[in-house]
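Residue-level structure breakdown
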2 protein chains.
Amino acid sequence: MYTDHKPQEIDQILAKSKAAFYQYKNSSLKERANFMCAIAVEIEALGEELIKVAAEETHLSEKRLYAELKRTIFQLNSYADAAEQGNWLEARIDVGNANVTPPKPDLRKMLVPLGSVVIFGASNFPFAYSTAGGDTACAFAAGCPVIVKAHPAHVKTSTLVANAILAAADKCNMPEGIFAHVYGADFKVGEYLVKHDMVKAVGFTGSYGGGRALFDLANQRKTPIPVFAEMGSVNPVFLLPNKLEEDYQWIAEQLSRSITQDMGQFCTNPGLVIAIRSDALDLYINQLIAGVKKVEPVEMLHKGIAKSFRENREKALTQDSVDVIYQSDMDENDQKGIITIAAVSGKSFLSNHQLHEEVFGPYSLLVVCEDEQELLTVAENLEGQLTTTLMATSTDIENHSHLLNVLREKCGRLVLNGVPTGVEVALAMHHGGPFPSSTDSRFTAVGADGIKRFARPVSFQNWDNEFLPEELKNQNPLRIWRTVNNELTKNVILEI
Amino acid sequence: MYTDHKPQEIDQILAKSKAAFYQYKNSSLKERANFMCAIAVEIEALGEELIKVAAEETHLSEKRLYAELKRTIFQLNSYADAAEQGNWLEARIDVGNANVTPPKPDLRKMLVPLGSVVIFGASNFPFAYSTAGGDTACAFAAGCPVIVKAHPAHVKTSTLVANAILAAADKCNMPEGIFAHVYGADFKVGEYLVKHDMVKAVGFTGSYGGGRALFDLANQRKTPIPVFAEMGSVNPVFLLPNKLEEDYQWIAEQLSRSITQDMGQFCTNPGLVIAIRSDALDLYINQLIAGVKKVEPVEMLHKGIAKSFRENREKALTQDSVDVIYQSDMDENDQKGIITIAAVSGKSFLSNHQLHEEVFGPYSLLVVCEDEQELLTVAENLEGQLTTTLMATSTDIENHSHLLNVLREKCGRLVLNGVPTGVEVALAMHHGGPFPSSTDSRFTAVGADGIKRFARPVSFQNWDNEFLPEELKNQNPLRIWRTVNNELTKNVILEI
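Per an unreviewed UniProt entry, chain A goes by Aldehyde dehydrogenase (NADP(+)) and derives from Pedobacter ureilyticus.

If you tally the helices and strands in chain A, you get 14 helices and 17 strands. Scaling as 2.2 N^0.38, a compact globule of 496 residues should have a C-alpha radius of gyration of about 23 Å, and chain A matches this with 25 Å. Here chain A, with 496 residues, has 64% of them falling under the buried criterion. With the model as given, the accessible surface of chain A reaches about 18,700 Å², and the carbon-plus-sulfur share is 50%.

Moving on, we come to the packing of aromatic side chains. Going through the model one piece at a time under the given rule, you end up with 26 aromatic pairs over all chains. Where B:Phe125 meets B:Tyr129, the ring centres are 5.0 Å apart and the plane angle is 85°; that geometry is what we call edge-to-face. Just as B:Phe125 is buried, B:Tyr129 falls in that class too. One aromatic cluster is present, built from ring pairs that chain together A:Tyr24, A:Phe35, A:Phe140 and A:Phe179. The ring of A:Phe125 carries A:Arg64 above its face, with NZ or CZ at 4.6 Å from the centroid.

A word on the relation of the copies chain A and chain B. For the match of chain A to chain B, the screw axis carries a shift of 0.0 Å, the RMSD comes to 0.0 Å, and the turn is 180°. Considering both components of the superposition, the chain copies are consistent with a two-fold axis. Scanning chain A for the C-alpha nearest the rotation axis identifies A:Asn219, at a separation of 3.6 Å. Looking at the interface residues of chain A, 100% of them are also at the interface in chain B, so both copies use one shared face.

With that out of the way, let us pick up the interface of chain A and chain B. Across the boundary between the two partners, chain A contributes 80 residues, which contact 80 residues of chain B. Regarding the contact of chain A and chain B, the summed buried area is about 6,900 Å², with carbon and sulfur atoms giving 52% of it. On the chain A side of the contact with chain B, A:Arg408, A:Arg442 and A:Trp463 bury the most area, a combined 11% of that side's loss. A salt bridge links B:Glu90 to A:Lys452; the nearest nitrogen and oxygen atoms lie 3.1 Å apart. The interface formed by chain A and chain B holds 52 residue pairs in polar contact (both at pLDDT 80 or more) in total. Looking at the side of chain A that touches chain B, the element that brings in the most residues is strand β15 (residues 455-461) of chain A, giving 7 residues. For the side of chain A that touches chain B, the per-class residue count stands at 36 nonpolar, 17 polar and 27 charged. Of the strand pairs in this sheet, β15(A) and strand β14 (residues 411-416) of chain B are connected by 3 bridges, and their pairing is parallel. Counted as the bridge partner of A:Phe460 is B:Leu414 from β14(B).

What follows covers the sheet that holds strand β7 (residues 227-230) of chain A. Residue and element names in this part refer to chain A. On the basis of which strands lie adjacent, the open sheet formed by 5 strands has the order β5-β4-β3-β6-β7 and parallel pairing. Single-partner strands in this sheet number two, and they are β5 (179-182) and β7. Going across the sheet, the axis of each strand differs from the next one's by a mean of 15°, ignoring polarity. Bridge count for strand β4 (residues 146-149) against β5 is 4 bridges, and the pairing is parallel. Looking across to β5, one finds that Lys 149 is bridged to Val 182. In the packing of helix α5 (residues 155-171) onto the sheet, the strands contacted are β4 and β5, and the crossing angle to β5 comes to about 165°. Lying on the sheet, helix α7 (residues 208-220) is in contact with β3 (117-120), β6 (201-205) and β7; it crosses β7 at an angle near 170°.

Right, let's talk about the sheet that holds strand β13 (residues 385-391) of chain A for a bit. Read from one edge to the other, the open sheet built from 12 strands follows the order β10(A)-β11(A)-β12(A)-β9(A)-β8(A)-β13(A)-β14(A)-β15(B)-β2(B)-β1(B)-β16(B)-β17(B), with strand pairing classed as mixed. Taken across any chain shown, the strands that pair with only one partner, and hence form the sheet edges, are β10 (323-327) of chain A together with β17 (487-489) of chain B. Here the strands of the sheet are splayed against their neighbours by 25° on average, with no regard to which way each runs. Taken together, the 3 bridges between strand β8 (residues 236-239) of chain A and β13(A) define a ladder with parallel strand orientation. In the strand pairing of β13(A), A:Leu239 is matched with A:Met391. Along the sheet, helix α9 (residues 279-293) of chain A makes contact with β8, β9 (272-276), β10, β11 (340-345) and β12 (363-369) of chain A, crossing β10(A) at roughly 40°. Packing of helix α10 (residues 303-317) of chain A onto the sheet brings it into contact with β10, β11 and β12 of chain A, and relative to β12(A) it is tilted by some 20°.

A word on the domain arrangement of chain A. Residues and elements named next belong to chain A. One can read the domain layout of chain A as domain 1 (7-231 + 441-455) and domain 2 (236-416). On a C-alpha basis, the centres of domain 1 and domain 2 stand 33 Å from each other. In total, domain 1 and domain 2 occlude about 950 Å² of area from one another, counting both sides; carbon and sulfur atoms represent 55% of this. Per-residue buried area on domain 1 facing domain 2 is highest for His 59, Asn 124 and Glu 230; these three make up 47% of the total on that side. At the boundary of domain 1 and domain 2, one finds 1 salt bridge. The interface formed by domain 1 and domain 2 includes 5 residue pairs in polar contact (both at pLDDT 80 or more). Along the lines of polarity and charge, the residues of the side of domain 1 that touches domain 2 split into 4 nonpolar, 5 polar and 3 charged.

Our next topic: the pairing of strand β11 (residues 340-345) of chain B. All names here are of chain B. Burial analysis of β11 places 5 of its 6 residues in the buried class, the great majority of the element. As paired strands, β11 and strand β12 (residues 363-369) are joined by 6 bridges and run parallel to one another. Counterpart to Ile 341 in the pairing with β12 is Ser 364. For the crossover from β11 across helix α11 (residues 346-351) to β12, the handedness is right-handed.

Rules of the game
Residues numbered from 1 in each chain as written. Chains lettered and ligands numbered in written order. Predicted model: local features only at pLDDT ≥ 70, side-chain atom pairs only at ≥ 80, totals over all residues. Heavy atoms only, no water. Helix = DSSP H or I, 4+ residues; strand = E, 2+ residues; numbered from the N terminus. Rg over C-alpha atoms; globule rule 2.2 N^0.38 Å. Buried < 20%, exposed > 50% of the residue type's maximum accessible area, 1.4 Å probe, protein only. Areas by Shrake-Rupley, 256 points an atom, 1.4 Å probe, with all protein chains shown as cover. Phe/Tyr/Trp six-rings, centres within 6.5 Å; stacked < 30°, edge-to-face > 60°. Lys NZ or Arg CZ within 6 Å of the ring centre and 35° of its normal. Least-squares fit on C-alpha atoms with pLDDT ≥ 70 in both. Contact = heavy atoms within 4.5 Å. Buried area = accessible area lost by both parts, 1.4 Å probe. Salt bridge = Lys/Arg side-chain N within 4 Å of Asp/Glu carboxyl O. Polar contact = N/O pair within 3.5 Å; in protein donor to acceptor, adjacent residues only side chain to side chain. Nonpolar A, V, L, I, M, F, W, Y, C, P; charged D, E, K, R; others polar. Pairing = 2+ DSSP bridges. Axes fitted to C-alpha atoms, helices over the stretch in contact; angles between N-to-C directions. Domains from an automatic or database assignment. Right-handed = clockwise from strand over helix to strand, strands pointing away.

In structure tokens:
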């Protein structure tokens, strides 16, 4: 039913996508926004059927799926607003002057779309980071046609959403080829897409292995293309002494929920907790165990994830000096998550890189340090992360300025007294981070700044006003913010 | 005297650079700007001596070198202004609300520096794109320490400028290690730098071969780092029929100067001119020849460039069906440029990719098309370019909307009725373009937006106001533009 697309079929799809690009790139911001909002309407109209199919394919609860669907619709609508507001265009104008020697050229710059974008969605977010998820919304906002490689773990869900996008495209008179849905359970399909001459950028959400493979393929092309891969991380949480002493109970409540929510299947799951040995830490551990004990394990997203989780968990637990301090019941024959809290000394953690690796699922490793110095050394040896969290009082913060200085280099988001899970869709969100959490720390997967992954600047030099794009005309007909002669303004430019 | 640095020496330099980063990244925008302006002062103070040494090393005229020095000083000062103005920080604030369910987190985002940046300067701009050139200025503005690999073709010039930077660093009490100058005539030194764990980004200006090699090394690292390489292009100039007919003389004047200026040693040299066969084209050719004939060839930048130019020129001229329509005198024993205008049919150009390659120097190929369709096909088959130029009247523009639609995809800057040489230093300038003209079409080498090559966003979630960076505090003490709850403003945020 969902047979893999063949190379010749993909060639045809991409030829249509390229043709669509030459039309869609000239669409107005308003037209793009309308199209994105129409997609939201079509998806919302799928209603219960979509939730039912997704629940079957992913084992996620209906409650969670309803919330995720709401988020997906919010993303489409809010990125549509941002697209239309036009700040992302980074319109810059330096008005020329022919009366100086040498004459000063007239320069006007704005972002334009890159071209056809291939998107690989995440298994853990069948709506919000999949077919009509954040990457697709950002690409459409930028003016790029999209080709989604259906996720094999939720191919029915993906097909329903793809059809909703196509229906919206039809209603909005979008060019044929603005969107395509490609099936490929085999990695070769993805490889063929990423290596294809007509593809100009790639968005990916998933594992390090998958993301790195696509990144390498794209860079080895004769004409390399940008790949933004968000590849997850262990999201270290530092429990600083004063806060731990004052608030161990609250911390344990927060973390027990964050570690186990949806079987820990979040790229922002707190997979690593770091603290200094103390009585308060022991009290925290007891509370944490009490907290996670209350959670009933459920089936993981799909067989592959369940298998990987169990293998990676086993690998982590069998490392030297790792103690299991809590694990839920397990059954070899089911695909449920096994809630696991392990512990290791700072010394062992520092000497064994395997313990730095993500175990995707309801797993968290507590690193118990001897002292402040060891805690700092652990921080210094962390890889790039999506998030880093500090549980800290004002006193802790004042006492740990160097630690903070180090941690800012390790992550894309620094959380204070909260949990890393729960990625707010907002302009000020950064969802990305230093490698290996993402392939390019300069871009985000969440928030309207994500549009900029799929756009590049072009300068127009000495063009007559009538032939400039609307965004750059003297009259500023779209009333967007522009930087004119180094000052941000919405003003028109007076002709001399 | 300028012996290559050894690996152990580089390790020490980079350790100091990393230590400097942990201080410098926390410097205020004002401190960075002061440092950059101090560099400008020190370089200006070198005066005649610097010009003399550079003229000896590069064979560029003193007039040109004075102009380039002025540009370099302007860059340092204007990027310092931009750094301090703070728009490049992309400060975004979404104010939290604890009174909604679930609570809305407080999110505040800004760009922070990547870390130590290695810069490889260009041979053709010993000041403006070298030791204290645009890349160095952008990295300092972003908050990054810099390591410059001295260009072997102007190592004395580079050393003088490096010492000026160090003197400025000293006067401004910058941390030791903020800047280092590394010698390496051997490619291995550059390779060692780019592969080094402590290096976080690379800036390069030069040949495709050099840029691609560094790009590949950086991407093959365990932890890849961004490389922005500006690798030049052939900068196609389209002579549209109406304009050619009306203004062939003016076009010939403009292009004869642009092709031969400083022996064509510009990455924006118009190496390709495309037109449709016509009587006006013949008249243009005659005028062009008359124009370039007046130019006296001089020595090229250095032996290596002279040798490459002659080899690449020979390779181009010996391709099937290529006619030489003008060449200046040549002497096997000197290192002068040979001003060369060649011509080829559209058909031959389309069938021979060799003719699409840059011949760096005073060389330009005229592609004579049979008709509009062939001209369009040539446009469609161009590689990525820094610039594309149209010589066109309003009528031409109206008649060639599809050509324009195609050309925008091929370049970073679209010039109308001008020449591609002369890259204005301005915010609205884009100096970059689709691969192979640069390694990432989303970033620029010229203008203050170039700062963003060396910076990445970090979000602060739920931080107390007192612990936030100045840029993100409620009071907006730096009075910078920020996007607060999706609106651009300089306003303070009222505490509730």
